[in-house]
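Spelled out from the first residue to the last, the chains are:
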Amino acid sequence: MRTPIMAGNWKMNKNPKETQAFLDGVKGKLPEASKVETVIAAPAIDLTTLVAGATGTPLKTAAENSYFENEGAFTGETSPKALSEMGVDYVVIGHSERRGYFHETDEDINKKAKAILANGLLPIICCGESLEQREAGQTNDWVAYQVAGALVGLSADDVKKSVVAYEPIWAIGTGKTATADQAQEVVAHIRATIKKLYDAETGDAIRILYGGSVKPANVKELMAKEDIDGGLVGGASMDPDSFVALANYQD
Ligand code: PGA
């Protein structure tokens, strides 16, 4: 049984004070981690506040990016080792905004996945097609290529613990959600790809999320799909009541 994950991605929003206000707003309202794992991915400057507030609660924490080296002369980067030492649980890698605006390649993402896992953190590996690619019928091949690239050299045990997030670029922040059927089709293809690259057990174990305009109004329909194990949620994760509603989608 795969435990569902509801993960917020705040992107470059909220300061430490606003992070604390969010924590106060969700306090006591999130499900136990064994029922639905809840995660917030926050800007690096908010992580100290986020980790302190999440300690002793079901909420898990994520960085939105990290570098693939643990330390050194890399001005402006975030160390996966330091993230691990401060008690962060996950790191989002390969978000389409990082691929697009900051030119991250599949090779960078693969190096980051390895460094994250080596530090005892878990990667949330994002993939997804553009509208042009979807219209050209390239979606399944493209996401399979991105996922395979991110996983190069990882052991089956590491892959089982990792998380993939399928986020069609045309659905991010646009209010245009993929239909539950469209999301299920691609997520199932990603799972089949992982089964081919590894084995059935690994493909059945890895959790695959859908992201792109997930909100309380559409979360139930998406989560009803066989292969969709959760959501990576931008806009609708910022407000505590909305995040609480997403996290408790089963009720
Ligand atoms: P959105 O963002 O929910 O605002 O579409 C999703 C994401 O980018 O992870």
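The model shown is predicted, which means the values in this text are computed figures rather than measured ones.

Chemist: Sorry if this is basic, but what is going on with the site of the ligand here?
Modeler: Taken together, the neighbourhood of the ligand is formed by 13 residues, with Lys11, His95, Glu167, Gly173 and Ser213 sitting nearest. Here an oxygen atom of the ligand sits 2.8 Å away from a polar atom, N or O, in the side chain of Lys11. Between the ligand and the protein, one listed contact pairs an oxygen atom with a side-chain N or O atom of Glu167 at 2.7 Å. In the complex, the protein chains occlude 95% of the 280 Å² of accessible area that the ligand would expose alone.

Chemist: What is the right way to read the pairing of strand β2 (residues 37-42) from this model?
Modeler: Of all six residues in β2, six are buried, a share of seventy percent or more. Of the two faces of β2, the one carrying Glu37, Val39 and Ala41 and the one carrying Thr38, Ile40 and Ala42 are both buried. The pairing of strand β1 (residues 5-9) with β2 spans five bridges and is parallel. Bridge pairing in β2 links Ile5 to Glu37. As a crossover connection, the stretch from β1 through helix α1 (residues 16-26) into β2 is right-handed. Bridge analysis of β2 against strand β3 (residues 60-63) gives four bridges, and the strand direction is parallel.

Chemist: Explain the pattern of salt bridges here, please?
Modeler: Pairing is possible between side chains of opposite charge, provided their charged atoms come close. Taken as a whole, this structure holds 18 salt bridges when the rule is applied. Across the pair Asp229 and Arg2 runs a salt bridge, and its minimum N-O distance is 2.8 Å. With a gap of 227 residues between them, Asp229 in the loop between α11 (219-223) and β8 (230-233) and Arg2 in the segment before β1 connect regions that are remote in the sequence. Salt-bridge contacts for Asp158 lead to Lys161; the nearest nitrogen and oxygen are separated by 3.4 Å. Here Asp158 pairs with Lys161, and both are found in helix α8 (residues 156-161), just three residues apart, close to one helical turn. Salt bridges sharing common partners tie together Arg2, Arg191, Asp227 and Asp229.

Chemist: I keep staring at the sheet that holds strand β6 (residues 163-166) and nothing clicks. Help me out?
Modeler: Strands pair in a sheet through their backbones, by hydrogen bonds, and they do so in one of two ways: parallel or antiparallel. Spatial strand order, β1-β2-β3-β4-β5-β6-β7-β8: eight strands in a closed barrel with parallel pairing. Taken over all neighbouring pairs, the strand axes of this sheet differ in orientation by 25° on average, direction set aside. As defined by bridge partners, strand β7 (residues 207-211) adjoins β8 across two bridges and the pair is classed as parallel. For Tyr210, the partnering residue across the bridge sits in β8 and is Gly231. Each of β2 and β3 is contacted by helix α2 (residues 47-54), which is oriented at about 165° to β3, the strand it contacts most.

Chemist: Honestly, the packing of aromatic side chains in this entry has me stumped. Any pointers?
Modeler: How two aromatic rings sit relative to each other is given by the distance of their centres and the angle of their planes. The full count for this structure, using the stated rule, is seven aromatic pairs. Consider the rings of Tyr166 and Tyr210, whose centres lie 6.2 Å apart with planes at 55°: the pair is tilted. Of the two residues, Tyr166 sits in strand β6 while Tyr210 sits in strand β7, which places them 44 residues apart along the sequence. The pair formed by Tyr166 and Tyr210 is uniform in burial state, with each residue classed as buried. Feature note: the residues Trp10, Phe22 and Phe243 constitute an aromatic cluster, connected by ring pairs.

Calculation notes
- In this convention, every chain numbers its residues from 1, walking through the sequence in written order.
- Residue-level local features of this predicted model are given only where pLDDT is at least 70; pairs of side-chain atoms are given and counted only at 80 or more, and the full residue set underlies all totals for whole chains, interfaces and linings.
- No hydrogens and no water enter the side-chain calculation; it runs on all heavy atoms of the structure.
- It suffices for a single heavy atom of a residue to lie within 4 Å of a molecule or strand for the residue to be listed as near it.
- Here a polar contact is recorded for every N or O atom pair within 3.5 Å, except that within protein the pair must consist of a potential hydrogen donor and a potential acceptor, and residues adjacent in sequence are included only if both atoms are side-chain atoms.
- Only the protein chains shown count as cover for residues, with accessible areas throughout obtained via the Shrake-Rupley method and a probe of 1.4 Å.
- Burial status follows relative accessibility: with a 1.4 Å probe on protein chains alone, a residue under 20% of its type maximum counts as buried, one over 50% as exposed, and anything between as partly exposed.
- Comment: elements are numbered from the N terminus, with helices defined as DSSP H or I runs of at least four residues and strands as E runs of at least two.
- A pair of strands is labelled paired if DSSP reports no fewer than 2 bridges between them.
- Crossover handedness is defined by viewing with both strands directed away from the observer: a clockwise path from the first strand over the helix to the second marks the crossover as right-handed.
- For salt bridges, the criterion is a side-chain nitrogen of Lys or Arg within 4 Å of an Asp or Glu carboxyl oxygen.
- For helices, the fitted line uses only the C-alpha atoms of the stretch in contact; every axis is such a line through C-alpha atoms, and the angle between N-to-C directions lies from 0 to 180 degrees.
- Throughout, a contact is declared for two residues whenever any of their heavy atoms are within 4.5 Å.
- Geometry of aromatic contacts follows a simple scheme: Phe, Tyr and Trp rings, the Trp one being its six-membered ring, pair when their centres are within 6.5 Å, and the pair is stacked under 30 degrees between planes, edge-to-face over 60, tilted otherwise.

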